[in-house]
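Spelled out, the chains give:
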Amino acid sequence: DTKRIGFIGLGIMGGPMAAHLVRAGHRVTGYDLERAAIDRLVAAGGEGAADIADAVRHADVVITMVPADPQVERVMFGAGGVLETVAPGTLVIDMSSIKPGTSIAVAEAGAERELRVLDAPVSGGEAGAIEAVLSIMVGGTEQDFAAALPLFEVLGRTIVHVGPHGAGQTVKAANQLIVAGNIQLVAEALLFLERAGVDTEAGLKVLAGGLAGSAVLDRKGRVMRDRDFTPGFRIDLHHKDMGIVTESAREFDLVLPLAGLTAQLVASLRAQGGGGLDHCGLLLGLERLNGH
Ligand code: NAD
């Protein structure tokens with residue numbers, strides 16, 4: 001069943017995701033603020049659009065994958081944006097990681113125009129997008145989830161309807177708490193092994209097979225050993241996500257000590273100019289704390 005898909009935001013994640021949808025036989029029209037990102041989609045067999053309205057005007061499905069809340073708000077609510085352009089009945093799927101409340105506001109405004117809105121943030125990183133093995137956490141109605149599932153199956157491997165509008169974002173925030181805390185702990189373990197003079201490659205190898213093993217240890221442990229801090233997932237974006245975690249916890253009157261500490265460590269690296277580094281750069285922040 002070929003869909004006409006308007007895809008907004010063709011960056012590290014959106015670029016490969018849109019290309020997979022093209023390969024699956026869909027007609028994908030993409031728009032990004034960066035011309036080079038549109039050119040990459042065209043090279044992959046998609047179509048380029050001049051603006052958001054041009055990308056989504058004739059779409060059955062709109063997918064957005066932009067950095068944060070302000071961009072989602074602009075793309076959805078702005079003049080010439082998605083909500084004022086698309087036809088009633090269009091499926092509008094935001095896959096960016098944003099505040100649950102913003103996803104709920106988009107869904108409510110969409111419902112007034114008879115649009116079918118889902119929040120569907122993802123986990124798995126750039127590699128997960130390139131290999132089409134993302135985890136996709138979806139908030140919205142069962143019916144809209146079922147309609148979107150064939151598209152999600154093109155992009156991901158673990159796809160779960162987790163609840164009503166906004167629930168996908170809440171699960172994604174929990175994901176980001178686990179990932180940032182885990183990266184920090186892997187960085188601490190690495191530095192600990194180094195200081196003891198133990199071979200870190202051998203150490204990581206055996207750690208990976210026990211209870212300490214994780215996707216973060218496997219993938220990010222290696223990246224930290226190679227000291228390659230090119231994103232990947234930028235500290236700026238992880239800072240945004242830790243803000244969502246800590247703000248939500250505050251709203252819930254919930255005490256999450258490690259969420260607070262991890263958020264501060266991310267903020268500290270960013271304050272020192274590390275916002276553009278991959279989140280593995282937490283290792284650099286830790287080394288600075290140790291006077292390196
Ligand atoms: P990115 O900065 O590489 O890509 C975002 C793209 O959106 C950019 O190309 C930018 O030009 C475009 N954009 C911004 N405003 C726009 C607008 N008004 N109209 C059209 N295009 C616009 O970021 P990314 O790493 O792809 O992340 C996108 C989202 O996915 C974020 O919410 C992020 O938190 C989430 N995410 C990222 C990763 C990762 O590993 N990179 C993993 C999971 C989730």
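Residues numbered from 1 in each chain as written. Predicted model: local features only at pLDDT ≥ 70, side-chain atom pairs only at ≥ 80, totals over all residues.

The name an unreviewed UniProt entry assigns to the protein chain is 2-hydroxy-3-oxopropionate reductase, from the organism Embleya scabrispora. As recorded by UniProt, the Sequence similarities (unreviewed entry) comment attached to the protein chain reads in full: "Belongs to the HIBADH-related family." (UniProt positions renumbered as here; feature names shortened; annotations may be inferred.)

A.B. asks: For this particular structure, what's the right way to read the UniProt feature "active site" (unreviewed entry) in the protein chain?
C.D. replies: When the UniProt feature table is mapped onto this chain numbering, "active site" (unreviewed entry) sits at Lys 172. Within the secondary structure, Lys 172 sits in helix H9 (residues 167–196). Residues in contact with Lys 172, not counting those within four places in the same chain, are Ser 97, Pro 121, Ser 123 and Met 137. (Helix = DSSP H or I, 4+ residues; strand = E, 2+ residues; numbered from the N terminus. Contact = placed C-beta atoms within 7 Å.)

A.B. asks: Got a minute to help me understand the site of the ligand in this structure?
C.D. replies: Taken together, 28 residues sit near the ligand, with Gly 9, Gly 11, Ile 12, Met 13 and Phe 233 positioned nearest. Take the shell around the ligand: its biggest share by element is 3 residues, from helix H4 (residues 69–77). Looking at the shell around the ligand, its residues break down into 15 nonpolar, 9 polar and 4 charged. (Near = placed C-beta within 6 Å. Nonpolar A, V, L, I, M, F, W, Y, C, P; charged D, E, K, R; others polar.)

A.B. asks: What exactly am I supposed to notice about the nonpolar core here?
C.D. replies: Burial of nonpolar side chains together is a common tendency in soluble globular proteins. Counting residues in hydrophobic clusters, the biggest one holds 53 residues, and the most contacted among them are Ala 18, Val 62, Val 82 and Ile 93. Apart from residues no more than four positions distant in its own chain, Val 62 is found in contact with Gly 6, Val 56, Val 82, Val 86, Thr 90, Val 92 and Ile 93. (Core = buried A, V, L, I, M, F, W, Y, C linked by C-beta atoms within 7 Å. Buried ≥ 20, exposed ≤ 12 C-beta atoms within 10 Å, placed from the backbone.)

A.B. asks: What is the right way to read the pairing of strand S5 (residues 91–94) from this model?
C.D. replies: Two faces, one strand: in a regular strand the side chains alternate between the faces of the sheet. Alternating residues of S5 divide into Leu 91 and Ile 93 and Val 92 and Asp 94, and every residue in both groups is buried. Note that strand S4 (residues 61–64) and S5 share 4 bridges and pair parallel. Looking at the pairing, Ile 63 lines up with Ile 93 of S5. Bridge count between S5 and strand S6 (residues 116–119): 4 bridges; the pairing is parallel. Bridge pairing in S6 links Ile 93 to Leu 118. (Pairing = 2+ DSSP bridges.)

A.B. asks: Where do I start with the environment of Gly 285 in this structure?
C.D. replies: Looking at the element boundaries, Gly 285 is found in helix H14 (residues 282–289). Separated by 186 residues in the primary sequence, Gly 285 and Lys 99 have C-alpha atoms spaced 26 Å apart. Setting aside its immediate chain neighbours within four residues, Gly 285 contacts Leu 265, Ser 268, Leu 269 and Gly 274.

A.B. asks: I tried to follow the packing of helix H1 (residues 14–23) against helix H2 (residues 35–43) on my own but got confused; where do I start?
C.D. replies: Packed helix pairs are characterised by how far apart their axes lie and by the angle those axes make with each other. Contact geometry for H1 and H2: axes closest at 9 Å, N-to-C directions at 25°. When the axis of H1 is compared with that of H2, the two are roughly parallel. Here the hand of the crossing between H1 and H2 comes out right-handed. Taken together, the residues of H2 that come into contact with H1 (itself represented by Gly 15, Ala 18 and Ala 19) are Ala 37, Arg 40 and Leu 41. Considered class by class, the residues forming the contact of H1 with H2 number 4 nonpolar, 1 polar and 1 charged. (Axes fitted to C-alpha atoms, helices over the stretch in contact; angles between N-to-C directions. Parallel < 35°, antiparallel > 145°, perpendicular 65-115°, else oblique. Left-handed = near helix turned anticlockwise from the far one by under 90°.)

A.B. asks: Explain the confidence of the model for the protein chain to me, please; I cannot follow it from the model alone.
C.D. replies: Residues shown with low pLDDT carry predicted positions that ought not to be read at fine detail. Scored by pLDDT, the protein chain has a mean of 98; 100% of the residues are at 70 or more. Across the assembled chains, the prediction reports ipTM 0.99 with pTM 0.97. (pLDDT = per-residue confidence, 0-100.)

A.B. asks: Where do I start with unusual backbone geometry in this structure?
C.D. replies: In terms of backbone geometry, most residues other than glycine have negative phi values and most peptide bonds are trans. Omega for the peptide link from Pro 231 to Gly 232 comes to 10°, which places this bond in the cis form. Within the secondary structure layout, Gly 232 lies in the loop between helix H11 (215–225) and helix H12 (235–251). Phi is positive for Glu 114, which is not a glycine, with a value near 60°. Looking at the element boundaries, Glu 114 is found in the loop between helix H6 (100–112) and S6. Phi at Arg 227 is positive, roughly 55°, even though this residue is not glycine. For Arg 227, a count of 10 C-beta atoms within 10 Å corresponds to the exposed category.

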